[in-house]
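Below, each chain spelled out in residue letters.
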Amino acid sequence: MKATVRVAVVGGGITGLAAAHRLTTTLRSDDLLLLEADGRLGGKITTERTSGYVIEGGPDCFLGIKPAGIELCRRLGIADRIRGTNPQLRRSFVKRAGQLHELPDGLTGLVPSRIGPLMTTGILSRYGRLRAACEPLVPRRTAQTDEAIASFVIRRFGREAYDWLVEPLLSGIFAGDGAALSLGATFPQLAATERLHGSVLLPMLRARFRKNGTSGPPPLGFVTPETGLAELVEALERVLPGPQVWRGARVAELIRLPHGWRLALEDGRTVDTLAVVMTAPAFATAELVAPLDPTLGETLAGIPFVSTATVSVAFPRSAVPQPLNGSGYVSPRMEGGSVVACTWTSNKFPARVPADGVLLRFFLGRAGSEGPAFATDDEIQDMIRAELAAVHGITAEPDLWKVYRWPRGLPQYTVGHLDRLALIDRRLAALPGLVLAGASYGGVGIPDCIKSGWSAADAAAAHVETLVAA
Ligand SMILES: Cc1cc2nc3c(=O)[nH]c(=O)nc-3n(C[C@H](O)[C@H](O)[C@H](O)COP(=O)(O)OP(=O)(O)OC[C@H]3O[C@@H](n4cnc5c(N)ncnc54)[C@H](O)[C@@H]3O)c2cc1C
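Residues numbered from 1 in each chain as written. Predicted model: local features only at pLDDT ≥ 70, side-chain atom pairs only at ≥ 80, totals over all residues.

**A look at the overall build of the protein**
Consideration 1: Secondary structure assignment for the protein yields 16 helices and 21 strands.
Consideration 2: Whereas a compact globule of 470 residues would reach a radius of gyration of roughly 23 Å, the protein reaches 23 Å, a difference of no more than 12%.
Consideration 3: For the protein, the C-alpha atoms occupy an extent of roughly 70 × 55 × 45 Å along the three principal directions.
Consideration 4: Every one of the 470 residues in the protein was classed for burial, and the buried ones make up 48%. (Helix = DSSP H or I, 4+ residues; strand = E, 2+ residues; numbered from the N terminus. Rg over C-alpha atoms; globule rule 2.2 N^0.38 Å. Buried ≥ 20, exposed ≤ 12 C-beta atoms within 10 Å, placed from the backbone.)

See below:
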């Protein structure tokens, strides 16, 4: 079977779906095709609804302050389905020596922004607190080169604040190793603030002082559609007519034609197209482009990925002896153990459980310790039982177990990532009509993926317009 279209989108995760949706506004329906290797759409977004529980295997919410997520929901007519996390139980904890300590208020953009909570937190020793509070006295870095997040935080706030406050947050967000992750690619505003003000704490303190007395709406935190992120995928599926979406369609080869591209699928089908929006993870894209441009292939393959797993367990409320007074905890690398973080889902999203149900979600695996992501179900269950007993005092057997493995699931923006992106752009200039987008490049969060899908769709549409006009 052979199809001919103007734009083919490869990958039906949120990036590819957002790109395809955007293209429906400029292309006729038979000029667009979305190709997804799997039998279902959504990629990392996978929601299971069972026995009154809503269980997320991958992402469970997105940052509301980045506009693309909510904007997409608005365009799909599902903005009224968006809910925030439970405001009564937003407190989070850090595990140290087996005990949970509340994360100090005012951790903004990864680092502390308030002195008071920093000076009273039980997570840090007295020395650690004082060292962190001395941040404004630390001279600014003069080198303009990229720096690892660990190096930045240790320089400015001290080792203890890094190990026990910042590192566990990094593990929670990227499953990453701060000694390898690039500050410029992940938290560029911190590097810019240091360059401009010589401190990151002082300008935040000044801003708080100026705001004192003025009350505005609280900033939007994490949000999600009521019955899970699959609502977003389902809404996108509804607006992409059936014949425009091929499921079970793995692209095996990318062939350059005089005025476009041929995609050869694993099952023998082919698609000729003027432009390709490629949203597969960088390592998969690397294999497709390496025969066309080995340097591009090598650069894409050089973006590292980390494997993780999530494990959801459910109990009747009566099986949970201690009150869960917050939204969950993170476990620093220094603490050891296989659990990286745990979300108390039934507190964070009360609508996702039946009335007397408690739902907890554990994260396993991080850079440098990915073993738990490849453990057997039995081994994973043993890890979780031990954590349930030690931290929550829960000894009952869960009513429900759900394990999701994410091999090479999270891209790592390591030091030099921005240079890699610049090189990728230069190489792509010689492959007109091929546009890359998705979590591997300019942001792993769902709003960033949507934004990158939209930009890629616009670039592909502009390319097609030039070809058609010529
Ligand atoms: C466990 C976990 C928790 C997360 N939590 C959050 C969170 O709470 N909030 C948040 O904002 N983000 C979170 N993220 C990150 C976010 O989910 C992802 O970055 C985002 O969903 C990636 O979307 P994508 O479309 O770029 O890639 P993917 O979802 O990976 O989609 C790519 C698609 O391409 C397809 N594909 C690959 N190769 C081919 C081929 N050759 N031919 C055709 N199709 C192909 C794949 O099958 C896949 O469906 C989390 C990620 C993980 C793994």
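**Observations concerning the sheet that holds strand β5 (residues 62–63)**
Consideration 1: In space, the 3 strands of this open sheet follow the order β5-β11-β6, with antiparallel pairing throughout. Whereas interior strands pair on both sides, the edge strands pair on one side only; in this sheet they are β5 and β6 (82–84).
Consideration 2: With 3 bridges joining them, β6 and strand β11 (residues 222–225) adopt antiparallel strand pairing. Directly across from I82, in β11, lies its bridge partner P225. (Pairing = 2+ DSSP bridges.)

**Some remarks on the packing of helix α2 (residues 67–75) against helix α16 (residues 446–469)**
Consideration 1: For the pair α2 and α16, interaxial distance at closest approach is 7 Å and the crossing angle is 70°. As judged from the angle between their axes, α2 and α16 are roughly perpendicular. Crossing of α2 over α16 shows left-handed handedness. Across the interface between the two elements, A68, G69 and L72 from α2 touch I446, P447, I450 and K451 from α16. (Axes fitted to C-alpha atoms, helices over the stretch in contact; angles between N-to-C directions. Parallel < 35°, antiparallel > 145°, perpendicular 65-115°, else oblique. Left-handed = near helix turned anticlockwise from the far one by under 90°. Contact = placed C-beta atoms within 7 Å.)

**Let's talk about the site of the ligand**
Consideration 1: Close contacts around the ligand come from 36 residues, with G11, G13, G43, P59 and G438 the closest.
Consideration 2: Mapped by element, the contributors of at least two residues to the shell around the ligand are α1 (14–23), β16 (305–316), β20 (400–411) and α16.
Consideration 3: Grouping the amino acids of the shell around the ligand by side-chain chemistry returns 18 nonpolar, 13 polar and 5 charged.
Consideration 4: Split by domain, the residues of the shell around the ligand number at least three in each of domain 1 (2–44 + 229–303 + 413–469) and domain 3 (306–411). (Near = placed C-beta within 6 Å. Nonpolar A, V, L, I, M, F, W, Y, C, P; charged D, E, K, R; others polar. Domains from an automatic or database assignment.)

**Considering the domain arrangement of the protein**
Consideration 1: Taken domain by domain, the protein consists of domain 1 (2–44 + 229–303 + 413–469), domain 2 (103–211) and domain 3 (306–411).
Consideration 2: On a C-alpha basis, the centres of domain 2 and domain 3 stand 28 Å from each other.
Consideration 3: Counting residues at the interface gives 12 residues for domain 2, matched by 14 residues for domain 3.
Consideration 4: Grouping the amino acids of the side of domain 2 that touches domain 3 by side-chain chemistry returns 6 nonpolar, 3 polar and 3 charged.

**Things to note about the pairing of strand β13 (residues 251–257)**
Consideration 1: Sheet analysis places β13 next to strand β14 (residues 260–265), joined by 6 bridges and oriented antiparallel. Looking at β14, one finds that I255 is bridged to R262.
Consideration 2: Once β13 ends, the chain turns through 2 residues before running back antiparallel as β14.

**Let's talk about the packing of α1 against α16**
Geometrically, a packed helix pair is captured by the angle between its two axes and the distance between the axes.
Consideration 1: Between α1 and α16, the least distance of the axes is 7 Å, while the angle of their chain directions is 45°. Taken together, the axis directions place α1 and α16 in an arrangement best described as oblique. The crossing of α1 and α16 is right-handed. Residues I14, T15, G16, A18, A19, R22 and L23 of α1 pack against I446, C449, I450, S452, G453, W454, A456, A457 and A461 of α16.
Consideration 2: Its residues placed into classes, the contact of α1 with α16 shows 11 nonpolar, 4 polar and 1 charged.

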